[in-house]
Amino acid sequence: MILPTTTVGSFPKPEYLTKARFQFSKGQISKTELEQLEKKATKEWIDFQEEIGIDILVDGEMYRGDMVTYFAENFKGFEISGLVRSYGNRYYRKPVAVAEIERANPVTVDWYKFAQNLTKKPVKGMLTGPYTIMDWSFDEFYPSRRDLCLRLAEVIHDEAKDLERAGAEYIQIDEPAVSVRPEELELAIEAMGIVTSGLKAYTLTHICYGDFPKIYPKMLDIPVNQIDLELSNNEFDLLDLFKKAPFTSDIGLGVLDVHSHRTETKEEVKARIQKALKMIPKEKIYVSPDCGLKTREVEEAKAKLRVMVEATKEVRETLGG
Amino acid sequence: MALETTIAGAYPKIGDTTEEQKLRRALHQFDKDEISEEDLEQVKNEVTEEVIRQQIEVGLDVVTDGLIRWSDPLTYIASKVSGFEITGLIRYFDTNTFYRQPVVESRLEFIKSILVSDYQFAQERSTKPVRAILTGPYTLAKLSRNKFYREFKQLAFDLAHIIHKEAEALQEAGCKYIQFDESAILNHKHDLNLFFQVYEIVTAQLSKAEKTLQLNFGSLEGIYPKILNLNVERIGLELTKGHKNWDVLKSAPFTKKMMAGIVDARNTKMESENDLVKAVHDLGEHISLEQTWLSTSHSLEFLPRPNARKKIELLTNVAKQLRGASVS
């Protein structure tokens with residue numbers, strides 16, 4: 001099939017789960033009670049993705065808070081810091097590497113299996129990349145950023161291997177931080193090489209908007225089958241870059257602005273796909289939102305995804321796919 | 001005066017305890033219309049007083065007001081200049097923090113003083129001199145989006161006049177130290193000539209206060225030693241362990257006073273006191289330590305408050321050790 005549809009990873013948590021997570025943090029409900037609700041929400045999202053006809057599914061990350069802290073909490077060697085400001089009145093806690101990073105047990109495999117058992121369609125294994133975990137952490141243990149990054153690469157490679165063994169056909173390793181320091185792109189590429197080394201699964205990475213002109217086309221050297229990009233948020237300006245050097249990997253084409261409450265029209269999404277088709281062969285294009293949808297309301301996210309799938313189907317028909 | 005200590009700019013707005021989080025709570029309540037603007041202002045005042053007290057307690061020689069009232073490095077200034085609209089979030093340099101991007105919608109104009117009342121409030125509550133921090137015109141221009149001026153240069157010059165007026169007003173109010181944060185020039189070194197033109201405007205007849213140009217988020221490679229010709233008395237730079245600036249300094253004598261960012265404010269890892277003492281000794285081979293300020297490499301807002309406090313304690317301990325050994 002051409003133009004397979006997928007999503008970047010996270011979906012909004014239903015209200016009952018947000019409430020339960022809060023109660024759990026206050027010690028008012030047990031871990032088991034929380035987990036039951038996380039499973040209920042995961043099943044609802046799997047059902048929704050099947051119902052609207054998404055081709056490659058995700059578990060929606062109902063059990064994760066933050067994409068970096070989730071892994072840090074589950075690896076040995078990390079502690080969690082006090083509060084630091086992100087912007088305005090928003091604060092978060094950062095991981096702190098305080099000892100050799102180790103993975104005592106697989107972190108995401110049980111959730112992958114749970115989700116995959118609910119559907120016959122493929123579910124993606126979802127990981128955060130070593131460069132991003134390193135960049136978003138404090139480091140009190142390793143002598144350099146490089147050392148921490150490469151150690152994380154080994155640990156995440158083990159996790160990816162376990163996902164593959166559990167049956168994952170698609171493994172996504174997100175690196176949103178990669179576009180921020182062009183001078184460290186080489187390191188990110190080297191680290192991803194360690195993560196994906198020897199994997200037979202289809203691998204992809206998601207990169208958020210940053211100074212792409214400074215890392216393109218070098219970023220095509222990131223050793224994955226597909227690079228998924230945020231494109232709607234910047235009016236598809238990025239596509240112009242591809243005129244200078246062709247986009248050689250498969251592309252995950254971000255067609256929904258995840259920061260906006262407004263639902264795109266079908267025509268807008270179709271226009272975005274068609275614009276990309278002028279630049280990139282149709283066999284290389286996967287259609288997805290710009291980024292994780294977790295900051296949208298449940299109904300907003302659902303409306304946007306419905307439009308994405310319908311628009312893609314219509315474009316597919318015109319291409320005889 | 002011998003070696004002195006200071007921080008690069010902001011101090012963490014909140015800490016770990018409930019009491020230390022009152023500004024965060026007040027901002028939430030204000031957003032929900034549960035408290036008035038005066039109530040919020042009162043909390044900002046209290047927290048500002050508290051962070052000045054903490055800096056003095058630790059023993060810093062020159063303090064800041066902690067930039068407690070600033071929601072980010074751009075908008076506090078930009079929202080007080082006519083012609084800007086404040087819009088969506090953008091990543092601040094290579095950090096994982098964000099600012100709201102100011103958009104230039106019409107000719108920029110100075111309405112009234114931006115920081116003078118903040119400065120006066122802080123200085124009245126401090127036994128140590130308070131240094132005023134201004135985002136410099138070049139960085140303001142570069143990190144904003146220009147929808148009005150035909151050329152970037154015109155935008156930069158208009159902002160230069162505005163910041164000049166503000167610096168004059170601060171000087172009039174008795175402020176002895178004024179800092180201009182200009183990290184953006186380190187990412188656009190080809191603009192150095194324009195940068196010099198901008199600073200001719202900013203620093204014209206500004207001779208009473210000591211002017212510091214703060215250059216972090218990068219190295220001075222490529223603009224050093226030329227940058228020493230700028231009309232400021234002091235230049236701030238990152239000098240954490242292994243930083244490229246150590247090599248840059250070897251290429252020519254440093255002829256200004258220095259604000260040496262020897263303590264890493266972007267990582268919780270504590271430097272060893274001995275390593276830092278040695279680093280300052282090394283620095284003494286390039287510059288006169290006589291009027292040097294030792295400081296943090298960046299604003300302390302990249303650290304949780306307890307870690308920030310430990311870092312400035314380290315800074316003052318290093319200075320004490322060096323003064324004891326009468327290095328300077």
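Conventions we followed
- Residues numbered from 1 in each chain as written.
- Chains lettered and ligands numbered in written order.
- Predicted model: local features only at pLDDT ≥ 70, side-chain atom pairs only at ≥ 80, totals over all residues.
- Helix = DSSP H or I, 4+ residues; strand = E, 2+ residues; numbered from the N terminus.
- Rg over C-alpha atoms; globule rule 2.2 N^0.38 Å.
- Buried ≥ 20, exposed ≤ 12 C-beta atoms within 10 Å, placed from the backbone.
- Pairing = 2+ DSSP bridges.
- Contact = placed C-beta atoms within 7 Å.
- Axes fitted to C-alpha atoms, helices over the stretch in contact; angles between N-to-C directions.
- pLDDT = per-residue confidence, 0-100.
- Expected span 1.5 Å × (residues − 1).
- Arc of directions from axis to C-beta.
- Core = buried A, V, L, I, M, F, W, Y, C linked by C-beta atoms within 7 Å.
- Parallel < 35°, antiparallel > 145°, perpendicular 65-115°, else oblique.
- Left-handed = near helix turned anticlockwise from the far one by under 90°.
- Right-handed = clockwise from strand over helix to strand, strands pointing away.
- Nonpolar A, V, L, I, M, F, W, Y, C, P; charged D, E, K, R; others polar.

Asker: Could you clarify how one ought to interpret the overall build of chain A in this entry?
Answerer: For chain A, the helix and strand inventory stands at 11 helices and nine strands. Taking 2.2 N^0.38 as the reference for a compact globule, 321 residues should give roughly 20 Å; the C-alpha atoms of chain A span a radius of gyration of 19 Å, in line with that estimate. Once the C-alpha set of chain A is aligned to its principal axes, its extents read approximately 55 × 45 × 45 Å. Residues counted as buried form 47% of the 321 residues belonging to chain A.

Asker: Explain the sheet that holds strand β10 (residues 293–296) of chain B here, please?
Answerer: The pairing of strands in a sheet comes from backbone hydrogen bonds and takes either a parallel or an antiparallel form. Residues and elements named next belong to chain B. In spatial order, the strands read β1-β10-β9-β8-β7-β6-β4; together these seven strands make up an open sheet with parallel pairing. The outermost strands of the open sheet, each flanked by one partner alone, are β1 (4–5) and β4 (131–135). The pairing of strand β9 (residues 257–263) with β10 spans four bridges and is classified as parallel. Residue pairing in the sheet places V263 in a bridge with T296 of β10. Those strands touched by helix α6 (residues 152–172) are β4 and β6 (177–181), and its axis lies near 170° from that of β4.

Asker: Teacher, can you tell me more about the confidence of the model for chain B here?
Answerer: Predicted coordinates in regions of low pLDDT should not be interpreted in detail. When pLDDT is averaged along chain B, the result is 96, and 98% of the positions lie at 70 or above. Scoring the predicted complex yields pTM 0.93 and, for the interface, ipTM 0.93.

Asker: Hey, could you run me through helix α11 (residues 298–318) of chain A in this one?
Answerer: Quick reminder: α-helices carry 3.6 residues per turn. Residues three or four places apart thus point the same way. Residue and element names in this part refer to chain A. Taking 1.5 Å of rise per residue, 21 residues should cover 30 Å, and α11 covers 31 Å from first to last C-alpha, within 8% of that figure. Turning to α11, its buried residues are A301, K304, L305, V307, M308, A311, T312 and V315. All buried residues of α11 project into a common sector of 160° when viewed along the axis, lining one side. Those residues of α11 that are exposed and angled more than 90 degrees off the buried face are E299 and E317.

Asker: Could you clarify how one ought to interpret the nonpolar core in this entry?
Answerer: For soluble globular proteins, nonpolar side chains are generally found buried alongside one another. By size, the foremost hydrophobic cluster in this structure holds 90 residues, and its most contacted members are A132(B), L134(B), L159(B) and L294(B). No other element matches the eight residues that α6(B) contributes to this core. If we ignore the near neighbours within four places in the chain, the residues touching L134(B) are I77(B), L115(B), I163(B), E166(B), A167(B), I178(B), Q179(B) and F180(B). In this structure, I46(A), M62(A), I207(A) and I215(A) belong to the second largest nonpolar core, which totals 88 residues.

Asker: Got a minute to help me understand the packing of helix α1 (residues 15–25) of chain A against helix α2 (residues 31–52) of chain A in this structure?
Answerer: Axis angle and axis distance: for two packed helices, these are the angle between their axes and the distance between the axes, and together they describe the pair. Residues and elements named next belong to chain A. Relative to each other, α1 and α2 sit at 160°, their axes nearing to 10 Å. In terms of their interaxial angle, α1 and α2 are classed as roughly antiparallel. The element α1 and its partner α2 pack so that their crossing is left-handed. Contacts from Y16, L17, A20, R21 and F24 in α1 reach L34, L37, E38 and A41 in α2.

Asker: I tried to follow the pairing of β10(B) on my own but got confused; where do I start?
Answerer: On a regular strand, one side chain projects to one face of the sheet and the next to the other, so that they alternate. All names here are of chain B. Taken together, the two bridges between β1 and β10 define a ladder with parallel strand orientation. In the strand pairing of β10, T5 is matched with L294. On the question of chirality, the crossover connecting β9 to the parallel β10 by way of helix α9 (residues 273–283) is right-handed.

Asker: Sorry if this is basic, but what is going on with the packing of helix α6 (residues 145–165) of chain A against helix α7 (residues 185–196) of chain A here?
Answerer: Residue and element names in this part refer to chain A. Across the interface, α6 lies against α7 with an axial gap of 7 Å and an inter-helix angle of 25°. Considering the angle they form, α6 stands roughly parallel to α7. The way α6 lies across α7 gives a crossing that is right-handed. Between α6 and α7, the contacting residues are R146, C149, L150, A153, E154, I156, H157 and A160 on the first element and L187, A191, I194 and V195 on the second. A breakdown of the residues in the contact of α6 with α7 according to their chemical character gives nine nonpolar, one polar and two charged.

Asker: What is the right way to look at the interface of chain B and chain A in this model?
Answerer: The figure often quoted for interface size is the accessible area lost as the parts come together. Contacts between the two partners involve 25 residues from chain B, matched on the other side by 17 residues from chain A. Breaking the side of chain B that touches chain A down by element, the ones donating at least two residues are α1 (22–31), β2 (81–91), β3 (98–110) and α10 (305–324) of chain B. Residues of the side of chain B that touches chain A, tallied by class, amount to nine nonpolar, seven polar and nine charged.

Asker: Which parts of the structure should I look at to understand the environment of N45(B)?
Answerer: All names here are of chain B. Summarising the element assignment, N45 is placed in helix α2 (residues 37–58). Look at N45 and you get partly exposed, because 15 C-beta atoms sit within 10 Å. C-alpha separation for the pair N45 and D65, spaced 20 residues apart in sequence, amounts to 9.9 Å.

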